[in-house]
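# Architecture and fold: a report
Now for the letters of each chain:
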Amino acid sequence: MLLGDVSMTGFIQNLELKHKLSLLVGASIIAICIVMIFALQIQHSNMLEDRKQKTQQLVNTAYSAVKHFYNEFTQGTLSEELAQSAALSTIKSMEYGEHGYFWVNDMNPTMLMHPVKPALVGQNIGSSTDANGKFHFKEMTQVVKSQGEGFVEYTWANPAVANKASAIPGATTAKLVF
């Protein structure tokens, strides 16, 4: 029995040209796949960051409407009840994109306003889970308690969409309002 030193270069040098080309093509395909995987991960990260920014801007727009009515209350122009009612009514009418909407819940979390599922109003939604079992409303209130506002990802069958057969990834910026 003989043991010898077999080097990779010796192995490749002894291959026929068609096998060398096959190895080269295979290595190239593997390298391209690796680069594509990294590129897709970067693209996903960039898209998520873009979604976070857009969602935050939309929530800030709704927040501005609420802030207006809060200022009306603090200046004595509106009662607290009228200011809250007007703020909820205004946010209820705000839409964005094809199926985007805003809802309002308190820190319990109890749903205060939902434009698409009004049956949720008055319900404690803390035990509600998304399609993956995540307590997303509870997480939203935790984010708001600890940070004032923040981004929460979840999977949800959008009630504004007619075909609700499958849940889709969703995301929201939760923000504390007064």
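## A few points about the overall build of the protein chain
What the protein chain contains, in helices and strands, is four helices and six strands. Overall, the protein chain shows an N-to-C arrangement of helices and strands of α-α-α-β-β-β-β-α-β-β. Looking at the 178 residues of the protein chain, the share that counts as buried comes to 24%. Across the protein chain, contacts joining residues at least 24 apart in sequence account for 43% of those joining residues at least 6 apart. For the protein chain, the accessible area works out to roughly 12400 Å², and carbon and sulfur atoms hold 58% of it.

## Concerning the packing of aromatic side chains
For the structure on display, the rule yields six aromatic pairs. Ring centres of Tyr96 and Phe102 lie 5.2 Å apart, and the angle between their planes is 55 degrees; this geometry places the pair in the tilted category. A relative accessible area of 10% places Phe102 in the buried class. When the ring of Trp103 is compared with that of Phe137, the centres are 5.9 Å apart and the planes differ by 90 degrees; the resulting orientation is edge-to-face. Here Trp103 is found in the loop between β2 (100–101) and β3 (104–105), whereas its partner Phe137 is found in helix α4 (residues 136–147), with 34 residues between them in sequence.

## A look at the nonpolar core
Note on soluble globular proteins: their nonpolar side chains tend to be buried together. Formed by Tyr101, Trp103, Met111, Ile125, Phe137, Met140, Val143, Val144, Val152, Tyr154, Trp156 and Ala174, the largest nonpolar core amounts to 12 residues. For this core, the secondary structure elements donating two or more residues are α4 and β5 (149–156). Broken down by element, the residue count for this core peaks at four residues, all from α4. Filtering out sequence-adjacent residues up to four positions away, Val152 remains in contact with Lys134, His136, Glu139, Met140, Val143, Gly170, Ala171 and Thr172.

## Looking at the layout of surface pockets
Gaps left between atoms are located by rolling a probe of water-molecule size over the structure's atoms. There is about 950 Å³ of room inside the largest pocket. Considering the residues around the largest pocket, the lining is formed by 34 residues, among which Val66, Val104, Asn105, Lys175 and Val177 are closest to the centre. Every element with two or more residues in the lining of the largest pocket is listed here: α2 (17–74), α3 (80–93), β3, α4 and β6 (168–175). The biggest single contributor to the lining of the largest pocket is α2, with eight residues. Roughly 530 Å³ of internal volume is contained in the second largest pocket. Along the wall of the second largest pocket there are 20 residues; nearest its centre are Tyr96, Gly100, Asn158, Gly170 and Ala171. Broken down by secondary-structure element, the contributors of at least two residues to the lining of the second largest pocket are α2, β2, β5 and β6. Looking at which element gives the most residues to the lining of the second largest pocket, the answer is β6, with five residues. For the lining of the second largest pocket, a count of residues per class yields 10 nonpolar, seven polar and three charged.

Analysis parameters
Residues numbered from 1 in each chain as written. Predicted model: local features only at pLDDT ≥ 70, side-chain atom pairs only at ≥ 80, totals over all residues. Heavy atoms only, no water. Helix = DSSP H or I, 4+ residues; strand = E, 2+ residues; numbered from the N terminus. Buried < 20%, exposed > 50% of the residue type's maximum accessible area, 1.4 Å probe, protein only. Contact = heavy atoms within 4.5 Å. Areas by Shrake-Rupley, 256 points an atom, 1.4 Å probe, with all protein chains shown as cover. Phe/Tyr/Trp six-rings, centres within 6.5 Å; stacked < 30°, edge-to-face > 60°. Core = buried A, V, L, I, M, F, W, Y, C linked by side-chain atoms within 4.5 Å. 1 Å grid on protein atoms, 1.4 Å probe; cavity = no way out; pocket = protein on both sides within 12 Å on 5 of 7 lines; lining within 4 Å. Points joined across faces, edges and corners; volume = space filled by probe spheres on them. Nonpolar A, V, L, I, M, F, W, Y, C, P; charged D, E, K, R; others polar.

No statement about biological role is implied by the geometric values presented.
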